[in-house]
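# Inside the fold
For reference, the chains in residue letters:
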4 protein chains.
Amino acid sequence: MSDASERVRASFAKQAFMQLLGAELTHVAPGEVDITLPFRSDLVQQHGFLHAGVSAAIADSACGYAALSLMPADSAVLSVEFKMNMLAPAKGAKFVARGRIVRAGKTITVVRGEVVAVGDDESSKVVVELLGTMMTVRGKGLTD
Amino acid sequence: MSDASERVRASFAKQAFMQLLGAELTHVAPGEVDITLPFRSDLVQQHGFLHAGVSAAIADSACGYAALSLMPADSAVLSVEFKMNMLAPAKGAKFVARGRIVRAGKTITVVRGEVVAVGDDESSKVVVELLGTMMTVRGKGLTD
Amino acid sequence: MSDASERVRASFAKQAFMQLLGAELTHVAPGEVDITLPFRSDLVQQHGFLHAGVSAAIADSACGYAALSLMPADSAVLSVEFKMNMLAPAKGAKFVARGRIVRAGKTITVVRGEVVAVGDDESSKVVVELLGTMMTVRGKGLTD
Amino acid sequence: MSDASERVRASFAKQAFMQLLGAELTHVAPGEVDITLPFRSDLVQQHGFLHAGVSAAIADSACGYAALSLMPADSAVLSVEFKMNMLAPAKGAKFVARGRIVRAGKTITVVRGEVVAVGDDESSKVVVELLGTMMTVRGKGLTD
């Protein structure tokens, strides 16, 4: 496991909210992070679909860690902003958030994310598309 | 309590995810909804601040219900998209998400949201700013 | 030329602003529209790069027409919202805005756009990434 | 006139695209910039309304200069990203883009913008709402 991958895994382990959701890191590579979340009935909005805030949480974390995976070792990542389109009702047996890099810069990294709903029959459908901005923070005491 | 307010409260009660977070409806008026969330240590990201996904969840719900409060009685509200800027670390004893209307249209309602972090000393700071789009859905079997 | 392609071309011809910019439709297919703009020194911001508003104009138009190309014949397209990230200085001999479909729905179409800067040596670089929302409007007197 | 105001005016004068549009700086104060644009028939989209790209241009410039007005003297401003909602058809005798500060930070400044359409009878209507991110760039040879 590379140093970057270890840093991502160590940081993810500190995200108590990911544990509350039951989300797991299922893919870490340079510039690529996937987070997988099994459906649970306490994660829904009023129509019984996954709450958009849950999608936001796993997509933002996947994108942030995709960005962190390319940053210098002493860096922390901050979410500056993100924008999400909900493409379809988030209905599935599990959800996979994929964070990818659009462009990695010294200070600013632009990220793209999607949340894929996977059915019991392994059919899959993209339900959320995200475009966001991450920032590299160095030497400020944040220990990613 | 007005019919619109009752509809918002009934719908909120079905959002199991709001209960998991410990979030409560604390203000409902035409075009205005506030959701309040006490801090809990299982809602954090890696630096110990409220996870951006939690902010997204309460801000999106507050904005969606602000939009719903102005819709015809047989309508449901769908989040089309939203964009959030994280202004400062989300650190506080509680958080208040305020959803407000920028423009209410027949099909599309544009909403503005903010998340305010409130300290133990009642000091407050806006930590998230949101601009989003909600859609009115009628006669489709979604019962908000 | 298909009906949809003809509708896109006829509507583009009415966009006086595209003519002021010197922009041309260079690709029209179902769900795909490209607009090409030669660089001109009166299209710049203070550092001599293409103004972000010019990128926005060609990317929004390309995405709107990509959406229109999939809509019923009596429809008009409205831009609901878009979000753009500027990835690099927009410096080039010409710029190509590519509008593509993320998901086409009955009322809402989600679009993705990019602006590619092309150098004198035909090198190319993506300088803008866009994620936006278009709406189908029918029977309201808007013609295209 | 303050130094900051002079810097904004000097930089605006270099934006050739603002001259092509016929846009003028009509208000500059710390954290506040307005740009005014008289309607012209060559600035329209296919339905005869102001093109969203023109709104984007004046709103982005107003927001960028609002941010620059609070930055150290040796800084340049870069647009990282912005998101715009179109609230109503941009129809008017003139348009005023207002750029304001949501939060000014050392590196990142979050901005809010709006475009107001003003009629011949001085009636006014907000037609665009913008939320965006600007970055302070120092000592890199960008001058303003």
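Residues numbered from 1 in each chain as written. Chains lettered and ligands numbered in written order. Predicted model: local features only at pLDDT ≥ 70, side-chain atom pairs only at ≥ 80, totals over all residues.

### Side note on the overall build of chain A
The criterion, for reference: Each helix corresponds to a stretch of at least 4 residues labelled H or I by DSSP, and each strand to a stretch of at least 2 residues labelled E; elements are numbered beginning at the N terminus. Put simply, the radius of gyration uses C-alpha atoms, and a globule should come to 2.2 Å times the residue count raised to 0.38. What counts as a contact is two residues whose backbone-derived C-beta atoms lie within 7 Å of each other.
Tallying secondary structure elements over chain A gives three helices and six strands in all. For chain A, the sequential pattern of α-helices and β-strands runs α-α-β-β-α-β-β-β-β. Rg of the C-alpha trace for chain A: 15 Å, near the compact-globule value of 15 Å for 144 residues, within the 12% margin. Here the C-alpha coordinates of chain A stretch approximately 45 × 25 × 25 Å along the principal axes. The long-range share in chain A, meaning contacts at least 24 apart out of those at least 6 apart in sequence, stands at 66%.

### Points about the interface of chain D and chain A
With seven residues of chain D at the interface, the matching set in chain A holds seven residues. Elements supplying a minimum of two residues to the side of chain D that touches chain A: strand E3 (75-86) and strand E6 (124-138) of chain D.

### Overview of the relation of the copies chain A and chain B
Rule in force here: When the copies are superposed, the least-squares fit draws on C-alpha atoms of residues that have pLDDT of at least 70 in both.
Mapping chain A onto chain B calls for a rotation angle of 180° and an axial translation of 0.0 Å; the resulting RMSD is 0.0 Å. Overall, the copies show the geometry of a two-fold rotation axis. In terms of C-alpha distance to the rotation axis, chain A has Lys 83 of chain A as its closest residue, with the C-alpha 2.0 Å off the axis.

### Some remarks on the relation of the copies chain D and chain A
You can overlay chain D on chain A at an RMSD of 0.0 Å; the transform is a turn of 180° with a shift of 0.0 Å along its axis. Both copies share a contact surface, since 100% of the interface residues of chain D are interface residues in chain A too.

### Overview of the interface of chain A and chain B
Here is the rule: Residues are grouped as follows: Ala, Val, Leu, Ile, Met, Phe, Trp, Tyr, Cys and Pro are nonpolar; Asp, Glu, Lys and Arg are charged; all remaining types, including Gly, are polar. Strands pair, by our definition, only if DSSP identifies at least two bridges between them.
Chain A puts 30 residues into the contact, and the matching count from chain B is 30 residues. When residues of the side of chain A that touches chain B are assigned to their parent elements, the largest contribution, eight residues, is made by strand E3 (residues 75-86) of chain A. Here the residues of the side of chain A that touches chain B sort into 14 nonpolar, 10 polar and six charged. In the sheet, E3 of chain A pairs with strand E3 (residues 75-86) of chain B via five bridges, with the strands oriented antiparallel. For Met 84 of chain A, the partnering residue across the bridge sits in E3 of chain B and is Phe 82 of chain B.

### Thoughts on helix H3 (residues 52-68) of chain B
Three- or four-residue spacings in an α-helix give side chains the same orientation, since the helix completes a turn every 3.6 residues. How we decide: One less than the number of residues in a helix, times 1.5 Å, gives the span that helix is expected to have. Counting other C-beta atoms within 10 Å of a residue's own tells you its class, since 20 or more makes it buried, 12 or fewer makes it exposed, and anything in between is partly exposed; those C-beta atoms are placed from the backbone.
An ideal rise of 1.5 Å per residue puts 24 Å on 17 residues; H3 of chain B measures up with 24 Å between its terminal C-alpha atoms. Of all 17 residues making up H3 of chain B, 17 are buried, and the element is well covered by its neighbours.

### Quick notes on the confidence of the model for chain A
Detailed reading of the predicted coordinates is not advisable wherever pLDDT is low. Here is the rule we go by: You can read pLDDT as the predictor saying how much it trusts each residue, on a scale of 0 to 100.
Per-residue confidence for chain A gives a mean pLDDT of 95, with 96% of residues at or over 70. Listed scores for the predicted complex are pTM 0.96 and ipTM 0.95.

### As for unusual backbone geometry
A positive phi angle is found at Glu 122 of chain B, which is not glycine, with a value near 70°. Residue placement: Glu 122 of chain B occurs in the loop between strand E5 (108-118) and strand E6 (124-138).

### Here we look at the sheet that holds strand E6 (residues 124-138) of chain C
For clarity, the cut-off: Every axis corresponds to a line fitted to the C-alpha atoms, with the helix fit spanning only the stretch in contact, and the corresponding angles, defined between N-to-C directions, vary from 0 to 180 degrees.
Taking strand neighbours across the sheet as the criterion, the 12 strands line up as E1(C)-E2(C)-E4(C)-E5(C)-E6(C)-E3(C)-E3(D)-E6(D)-E5(D)-E4(D)-E2(D)-E1(D) in an open arrangement whose pairing is antiparallel. The open sheet has two free edges, formed respectively by strand E1 (24-29) of chain C together with strand E1 (24-29) of chain D, since each of these has just one partner strand. For this sheet the average axis-to-axis angle between neighbouring strands, irrespective of direction, equals 20°. The sheet strands contacting helix H1 (residues 3-14) of chain D are E1 and strand E2 (32-38) of chain D, and the helix crosses E1 of chain D at an angle near 160°. Seen against the sheet, helix H3 (residues 52-68) of chain D touches strand E3 (75-86) of chain C together with E2, E3, strand E4 (94-104), strand E5 (108-118) and E6 of chain D and runs at an angle of roughly 40° to E4 of chain D.

### A closer look at the pairing of E3 of chain B
Residue and element names in this part refer to chain B. Burial analysis of E3 places 12 of its 12 residues in the buried class, which makes it a mostly covered element. The sheet contact formed by E3 and E6 spans 11 bridges and is antiparallel. Each bridged residue has a counterpart across the sheet, and for Ala 76 the counterpart in E6 is Val 137.

### Some remarks on the pairing of E6 of chain B
All names here are of chain B. Here E5 runs beside E6; their pairing, made up of 11 bridges, is antiparallel. Note that in E6 the partner of Ala 117 across the bridge is Lys 125. Taken together, E5 and the strand that follows it, E6, pair antiparallel across an intervening segment of five residues, in which Glu 122 is found at a positive phi of about 70°.

### Topic: the sheet that holds E6 of chain B
Within a beta sheet, neighbouring strands are joined by backbone hydrogen bonds and run either parallel or antiparallel to one another. Across the sheet, 12 strands lie side by side as E1(A)-E2(A)-E4(A)-E5(A)-E6(A)-E3(A)-E3(B)-E6(B)-E5(B)-E4(B)-E2(B)-E1(B); this open sheet has antiparallel pairing. Both edges of this open sheet fall to strand E1 (24-29) of chain A together with strand E1 (24-29) of chain B, since each of them pairs with a single strand only. Geometrically, the sheet is characterised by an average inter-axis angle of 20° between neighbouring strands, direction not taken into account. Taken together, the seven bridges between strand E2 (residues 32-38) of chain B and strand E4 (residues 94-104) of chain B define a ladder with antiparallel strand orientation. Bridging across to E4 of chain B, Leu 37 of chain B finds its partner in Phe 95 of chain B.

### Examining the environment of Asp 121 of chain A
Secondary-structure assignment places Asp 121 of chain A in the loop between strand E5 (108-118) and strand E6 (124-138). Sequence separation between Asp 121 of chain A and Ala 73 of chain A is 48 residues; the distance between their C-alpha atoms is 41 Å.

### Describing the environment of Leu 43 of chain B
Here Leu 43 of chain B shows up in the loop between E2 and H3. As a C-alpha pair, Leu 43 of chain B and Leu 87 of chain B span 44 residues in sequence and 18 Å in three-dimensional space.

### A look at the environment of Lys 91 of chain A
All names here are of chain A. Its location among the elements puts Lys 91 in the loop between E3 and strand E4 (94-104). Separated by 26 residues in the primary sequence, Lys 91 and Ala 117 have C-alpha atoms spaced 6.4 Å apart. When residues no more than four places from it in sequence are discounted, the contact partners of Lys 91 are Phe 49 and Ala 117.

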